[in-house]
Structures are given as structure tokens and as C-alpha cells.
Amino acid sequence: MTATTLPPAPAAPSGARRRIGPFEALGHGLTLADRNLRHILRTPTTLIDTVIQPVLFLLVFVFLFGGAISGTWQDYLQTLVPGLMVQITMYASIGTGMALNTDISKGVFDRFRSLPIARSAPLVGAVLGDVVRYAVAVTVLLLLAFALGFRVQTDPFSALLACVLVVVFGLTLCWLSVLVGMVVSAPQAVPGIAMAVILPLTFGSNIFADPETMPRWLELWVSVNPVTHFVDTVRGLMIGGPVAGPLTVSLIAVVVCHVLLLPLALRAYLRKVR
Amino acid sequence: MDICIRAQGLVKRFGETIALDGVDLEVPTGSILGVLGPNGAGKTTAVRILATLSRPDEGTVSIAGYDALRDPVAVRGLIGLTGQYASVDEELTGRENLELIGRLLRLPARRWRARARELVERFDLVEAGDRPVKTYSGGMRRRIDLAASLVGRPRVLYLDEPTTGLDPRSRGELWRIVRGLADDGTTVLLTTQYLEEADELADRITVIDRGRVVAEGTPRELKRMTGSQTLHVRTVNPADTERVRGIVADLLGTAPLLGTDAMTISAPTDDPVLLSALVRRLDQEAIATDELSLRLPDLDDVFLSLTGRPLPDATPEETVV
């Protein structure tokens, strides 16, 4: 701002509140997260996306391709489920960008901005809503998988840790979703752009097939793809196998992605809320 | 007089476009200011700045004594905003929207529930209150938008084109509500393309055109600026329009203005014998007219004489019923 002659600030009436503390900001974020959850329950398409997608992926891949890929669909189920947990949270993260963009284009965002609430609240609300969506999608997936015969071959604590890590991995992509949501002009544009990133990450990984069966160039991509390491970690924790190695690589990838994406996403967001 | 909203020298650029080019606005506490101007005049940009949604490139804004640029949070605690961009959540019900805002304002649970109930009743939305807002009619939608901006009992209310696209009955209802709020001491800044609306509601009117204030005053003062009376002529045959313009220019000594329809000629005048002289000339030249009148100027005439251009047609593209 290049105000030329700022007159002295007028004496402010007393009793007005000028700053929003962290606890209050969290309260605002939670209130808006609650609103986003109502959306998920209220809008059939979001609910379908969150619930139907894991079900479809599981059924199609297990019964259609499972026998061909692993000999029997029962064997395939064991290796696929941990991979699908990673994949569906990536898909679910598209929702954050769409929700924020919808709020901006519909004017809801400006309504919130005109209220004396923390600037972070709409973002916190959207991201927390996303976390719940991940949890719902993973729960649906696991319930169906258990019904089909999937069994955790380690211990409940490891399985729980796997679920938590899946949410953390999902959040990495959520910032990309926020960034896209801030930049594009209409919410419908978010899935297209997000999918262009998510498809090579999820299909170009070890989620669905053994990389050793792939051409050399693809195998190379799969081995550097962070999703492969996420999946290795979750598999190790759910059905046994090495964990420490893939977990280290995964956490490095999470940190690197956050370092790259979070500042960009926050900058794009702050430009809109300022 | 106690000034509640004061903006000085507002400049806002969007790339090459200058949306505001040094706008001053002043609204005394408890009064209604109508900001009048065509589409693209800069009205919405000005309201967004006054509501802390946008920062000006230059200028100062003070709301009830607070510097809106330095202390936006304090200002947000005082204002309510209703406009095409500050909207409610369509997926939630009307009541849920009001409750959501009450919760965001950190009202205690009992208070936000009571406030939502009270507003739903006051805005005649009791039946619709538990339906999602996306099912609302245009008039109901504007009422819930307005109700949403009143949850925190704002001392200052911005209404950005609150009745654009509404049918006359809904518009009348909204006018009644706005008048009631001002009577209760709320300071209101209202933008409109409808001259009738500014005339009807506002204590004072500021006319904005192309990012600049072109006139300011009470509705009565603005009308006086255009001369005591306005001549209107429309010919039966549009081909005669130019000839009549020539005749009127000849009689008045100044060029008359052409209305939005490109057929109605109008000119401010104080000459008491103009009409009879004009009738004689038209008769001699055998020009038939649909309309030939001398009347008190309305705000369309004000805009025309202030800017030299007719007010762009205020009819919105879509009419929400």
C-alpha cells in the first residue's frame, strides 16, 4: 500500500478486540470443519466419492485382475489393500481444493472473511474436513476388505500406525490440492489438474502390480515415486515386511513435499484471504 | 455530525484498469448513504475496501473510529456485509447458516440458537428455515443473506446491490427491512443501479462513474442540479429524432441529450415558454411525437446531465423471482 498522507489513527473505542489468539483461531477452524462435515453428509456426490470409490477400486481390482496378477484373488487382496489405503487418501485430497474453490466462487469465503475470525479458519476447516474424509474412506475400505478375507498379519498397534501414516501421506497431496484450488477459476477444474498428478503417482507405483514385471524405464519411475515407499511402509505395518527403510524414505518425501508445496499453497491462500 | 464511515482518496488499480480513482465517501452515524452508479463504476470495489475484503492502493478508511487498513479485525467486529459476493452456504439450511455465523462469532450456545431463531422469525423464513438455502427463491435468498449479515448486530451495514434482480414485491420488503435497521441506529451504505432505490431509501446519495465521484448530495439537491424541469421528447418516427434534436438545440442554445433508448431526447430547462415554442416548431415541420413533456427531473436525468451519458440500462441480465 502506498498511502500518501495517513492521518493519525483515530482514538479507538475501548473494549474492541483486535487480535485473535491461537485457541480462538482453532475454535473457528473447528467450527468450519464441522460445517464441511455436514457438507460431506449432505451432498450425495461427495459421500459417493468418499464411500463408493474405495469399494469400486477394491472390488474391480481384486475380482477382475486379482487372479491374473497374483494367481488367486485371495493372495492379491493381501497386497492390494495396504496400497489402496494410500491411493484413496490421495484421491480424497482432491476434495480440499474443490471445497475451497467452491467457497470462493460462491462468495461464502468472502462472508467468512468479513467476520472477525482467524484468517486461517477456512483453510483449517477444509483440511480437517479432509482428514475426516480420509478416515471415512479408509474405514470403508478396511471394513469391506475384512469382509472379503483380508487379515492384518502384524499387530493392531502397527495397523493403527499404518492408518495414521496414510492420513499423513494424504495430507502431503492436500497442499497441492489447496494450491490448485486457489489458482483455478472454477471448482470443476480442480479434479482434472489434480488427476494429472495423482494418476502417474498412484498407477505408476507398486500399488497394483509388481514393479519387476514392468519395463525398465517404468520400474525406474516406480522406484523413485514416493507413493511406492508409502505403500511399502503401510504393507510392512499391515502384512509384515521391512518398515524402517521405506518409512525413512517416506518421511523424507513428506518433509520435502511440505517444504515445496506448503509455502506455495499458503501464499496462494493468503493472497485470497488478505 | 458524527461520521461513522469515512473513506478518503481511495485508489484501486487492477493491472491497467483503474477501478477507483480518488473516491471520498462519508456516512454520518445512523444514516443511509446510497452509492449510485452504472455497472463497472467501482461501487463493488469501494464496498469491498470498506468491508476490509480488499486493500486500496492509496487512501484511508476509518469505520466508527477504527483504521480499517491497520485494524481490520476490529472493523470486522462492527460490520455486516450483504452482496453478490458475500453469500451464505447453499448446502446448509437457512437456520444452520445463521447458527454457523453465531458460533464463529463465539456467541455462547444459548445466544446463537436464540439469535438464529429470532432472525428466522423476523425475516419471515420460519417455514423455509430448515430447508437448504439452494432451494430458496430469489427473495428468500436475499433475506437470508441479509439476516446472515445481522447475526452479530453490526453497527455498520454494507448492502451491495441488495435488490438487483428481485421482483417489485420482494424489493419492497427488503426496503422496509433496511429502513427499519436505519431507524434502529444502524449506519447503512447501499450501492445500487436503481435510481428509484437510492431516491427511496437514502438520506444522501453519492454518484460514482468510472471510479470517480461525480456528485454528492441529498436526493433533492441532486435533482435540483439538473435545472428545475426536464424536457422529454420522443418522436413517432425514429427518423425524425435528429431533426428534433436540432430544433431543441436551436431553441435552448445547448445540445440536448439522448436517452438510453436512442429515441428519447431530454434537456434540462428553466424556460417557461419552451414547451409552447417547441410545439409550434414541431407543428410547422409536421413531426408527430409519442411523448412531449416537461417534468421534474428524476435521477436518470441527474446522471445524464452529470456525466453526459445516459445511465446504462439497469435491468439485470437475469431476473430472480
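Starting afresh in each chain, residues are numbered from 1 along the sequence in its written order. Chain labels run from A onward and ligand labels from 1 onward, assigned in the order the entries are written. Restriction of local features to residues with pLDDT of at least 70 applies here, the model being predicted, together with a cutoff of 80 or more for giving and counting side-chain atom pairs; totals for whole chains, interfaces and linings are based on all residues.

Under the DSSP-based scheme used, a helix requires at least four consecutive residues in state H or I and a strand at least two consecutive residues in state E, with every element numbered from the N terminus. Per the secondary structure count, chain A includes 11 helices and 0 strands. In terms of principal-axis extent, the alpha carbons of chain A reach across some 80 × 40 × 35 Å. A burial count over chain A gives 43% of its 274 residues as buried. Counting contacts in chain A only where the partners sit at least 6 residues apart, residues at least 24 apart contribute 77% of the total. Here the C-beta atoms are placed from the backbone, and a residue counts as buried if at least 20 other C-beta atoms lie within 10 Å of its own, exposed if 12 or fewer do, and partly exposed otherwise. This entry defines residue contacts through backbone-placed C-beta atoms, with two residues in contact when those atoms are within 7 Å.

Moving on, we get to the packing of helix α7 (residues 156-183) of chain A against helix α11 (residues 244-273) of chain A. All names here are of chain A. At a closest axis distance of 8 Å, the pairing of α7 and α11 adopts a crossing angle of 30°. As judged from the angle between their axes, α7 and α11 are roughly parallel. Read as a crossing pair, α7 and α11 show a hand that is left-handed. Residues Val168, Phe169, Thr172, Trp175, Leu176, Val178, Leu179, Met182 and Val183 of α7 form the contact with α11, whose own contacting residues are Val254, Cys257, His258, Leu261, Leu262, Leu264, Ala265, Ala268, Tyr269 and Lys272. For this scheme, ten residues count as nonpolar: Ala, Val, Leu, Ile, Met, Phe, Trp, Tyr, Cys and Pro. Four count as charged, namely Asp, Glu, Lys and Arg, and the remainder, Gly too, count as polar. Residues that form the contact of α7 with α11 fall into these classes: 16 nonpolar, 2 polar and 1 charged. Lines fitted to C-alpha atoms define the axes here, with helix axes fitted over just the stretch in contact, and angles between the N-to-C directions of these axes take values from 0 to 180 degrees. Our angle categories are set so that under 35 degrees counts as roughly parallel, over 145 as roughly antiparallel, 65 to 115 as roughly perpendicular, and the remainder as oblique. Each crossing gets its hand from how the near helix is turned against the far one by less than a right angle, where anticlockwise is left-handed and clockwise is right-handed.

Residues and elements named next belong to chain B. We call two strands paired when DSSP finds no fewer than two bridges between them. Of the strand pairs in this sheet, strand β9 (residues 204-209) and strand β10 (residues 212-217) are connected by 5 bridges, and their pairing is antiparallel. Among the inter-strand pairings, Ile208 is bridged to a residue of β10, identified as Val213. From the end of β9 to the start of β10, which pair antiparallel, there are 2 residues, and Arg210 there has a positive phi angle of about 50°.

On to unusual backbone geometry. When glycine is set aside, most residues are seen to have a negative phi, and most peptide bonds are trans. Residues and elements named next belong to chain B. Unusually for a residue other than glycine, Thr52 sits at a positive phi of about 65°. Tracing the backbone shows Thr52 in the loop between α1 (43-50) and β4 (58-63). With 24 C-beta atoms packed within 10 Å, Thr52 lands in the buried category.

Right, let's talk about the environment of Val213(B) for a bit. All names here are of chain B. Residue placement: Val213 occurs in strand β10. Sequence-wise, Val213 and Arg55 are 158 residues apart; in three dimensions their C-alpha atoms are separated by 19 Å. Beyond its immediate sequence surroundings of up to four residues, Val213 is in contact with Val23, Asp24, Thr206, Val207 and Ile208.

Let us look at the environment of Val75(B). All names here are of chain B. Inspection of the secondary structure assignment puts Val75 in helix α2 (residues 72-76). Given 26 C-beta atoms within 10 Å, Val75 falls into the buried group. Sequence spacing of Val75 and Met225 is 150 residues, and the spatial spacing of their C-alpha atoms is 36 Å. Ignoring anything within four residues of it in the chain, the contact list for Val75 reads Thr52, Ile63, Tyr66 and Ala68.

One open sheet holds the 4 strands; their spatial order is β12-β13-β11-β14 (chain B), and the pairing between them is antiparallel. Whereas interior strands pair on both sides, the edge strands pair on one side only; in this sheet they are β12 (257-258) and β14 (289-295) of chain B.

The next point concerns the domain arrangement of chain B. Parsing chain B into structural domains produces domain 1 (3-223) and domain 2 (227-296). Taking the mean C-alpha position of each, domain 1 of chain B and domain 2 of chain B sit 40 Å from one another. Boundaries between domains were set according to an automatic or database domain assignment.

It is worth spelling out the sheet that holds β4(B) at this point. Taken in spatial order, the 4 strands make up an open sheet running β2-β1-β4-β5 (chain B), and their pairing is antiparallel. Every other strand in the sheet has two partners, leaving β2 (17-28) and β5 (66-67) of chain B as the edge strands with one partner each.

Quick look at the nonpolar core now. As used throughout, a nonpolar core is a set of buried Ala, Val, Leu, Ile, Met, Phe, Trp, Tyr and Cys residues joined through C-beta atoms within 7 Å of each other. In this structure, Leu84(A), Met85(A), Val86(A), Ile88(A), Leu141(A), Val178(A) and Val234(A) are the most contacted members of the largest nonpolar core, which totals 87 residues. Considering every element that reaches this core, the biggest residue donor is α7(A), with 13 residues. Not counting the four nearest positions on each side in its chain, Val178(A) is found in contact with Thr96(A), Gly97(A), Leu100(A), Leu123(A), Ala265(A) and Tyr269(A). Of all hydrophobic cores here, the second largest spans 63 residues; its members include Leu20(B), Ala74(B), Val178(B) and Val207(B).

Helix-helix packing is described using two parameters, namely the angle between the two axes and the distance between the axes. Residue and element names in this part refer to chain A. Two elements in contact, α7 and helix α10 (residues 226-239), have axes whose closest approach is 8 Å; the angle formed by their N-to-C orientations is 160°. Classified by the interaxial angle, the pair formed by α7 and α10 is roughly antiparallel. Considering how the two elements wind past one another, α7 and α10 form a crossing that is left-handed. Across the interface between the two elements, Ser158, Ala159, Leu161, Ala162, Leu165, Val166 and Phe169 from α7 touch Phe230, Thr233, Val234, Leu237 and Met238 from α10. Residues belonging to the contact of α7 with α10 are distributed by class as follows: 10 nonpolar, 2 polar and no charged.

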